[in-house]
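# Structural overview
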Amino acid sequence: MMSVLQKLQLQKTVAECTSKLRNGISNIAERLSVQKLLRETVAELKGVAVPDSNKKIEDQDTKPTPLYDRLIAGEFYSLAPIAFMAKLKEVAKEIGEDVTKLHEPSIEYLRIHEAEIF
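Keep in mind the model is a prediction, meaning the values are calculated, not measured.

### Some thoughts on helix α5 (residues 103-112)
- Three or more residues of α5 are buried, namely P105, S106 and Y109. Take α5 and look down its axis: the buried residues cluster within an arc of 100 degrees, on one side only. Among the exposed residues of α5, those oriented more than 90 degrees off its buried face are E104, I107 and R111.
- Buried-residue contacts for α5 involve α3 (66-73), α4 (81-94) and α6 (114-117).

This is how it looks when you write it as structure tokens:
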């Protein structure tokens, strides 16, 4: 548990950082440094761990998604509507049923085939 003095010091740091940011910092590196300090200080006050922004994406749990990658590349836009829908179902299974990732490719397919479909 944090002592009252530690909390006061952290609150003072938050106030200083907020004041600096409100007044404007023209140097981008300094502004980013102040923002990082503010984020870390607020997290410490709340007792929350701050995610490491320097972690590489490869460190995260990712699995290959070849069908999804091909969909994003536009390889399936030439398919007939029924075949495209079947391919979307396959891609949805591959990416774990997160259909929000399929919105943009689906909209693009509809835009390309608008005259044929509507």
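### Focus on the environment of E75
- Within the secondary structure layout, E75 lies in the loop between α3 and α4.
- Judged by its relative accessible area of 45%, E75 is partly exposed.
- A polar contact is formed between the side chain of E75 and the side chain of R70, at a distance of 2.9 Å.

### Regarding the nonpolar core
- The biggest cluster of nonpolar side chains holds twelve residues, and these are L67, Y68, L71, F76, Y77, F84, L88, V91, A92, I95, L102 and Y109.
- Here this core takes four residues from α4, the largest share from any one element.
- Among all residues touching Y68, those that are not within four sequence positions of it are V91, E94, I95 and K101.
- Among the nonpolar cores identified, the runner-up in size contains five residues, and C17, I25, V34 and L38 belong to it.

### Here we look at α3
- Among all positions in α3, only L67, Y68 and L71 are buried. Taken end-on, α3 shows its buried residues confined to a sector of 100 degrees, consistent with a single buried face.
- Among the structural elements, α4 and α5 are those in contact with the buried residues of α3.
- Just beyond α3, the residue with positive phi is G74, at close to 90 degrees.

Cut-offs applied
- Residues numbered from 1 in each chain as written.
- Predicted model: local features only at pLDDT ≥ 70, side-chain atom pairs only at ≥ 80, totals over all residues.
- Heavy atoms only, no water.
- Buried < 20%, exposed > 50% of the residue type's maximum accessible area, 1.4 Å probe, protein only.
- Helix = DSSP H or I, 4+ residues; strand = E, 2+ residues; numbered from the N terminus.
- Arc of directions from axis to C-beta.
- Contact = heavy atoms within 4.5 Å.
- Polar contact = N/O pair within 3.5 Å; in protein donor to acceptor, adjacent residues only side chain to side chain.
- Core = buried A, V, L, I, M, F, W, Y, C linked by side-chain atoms within 4.5 Å.

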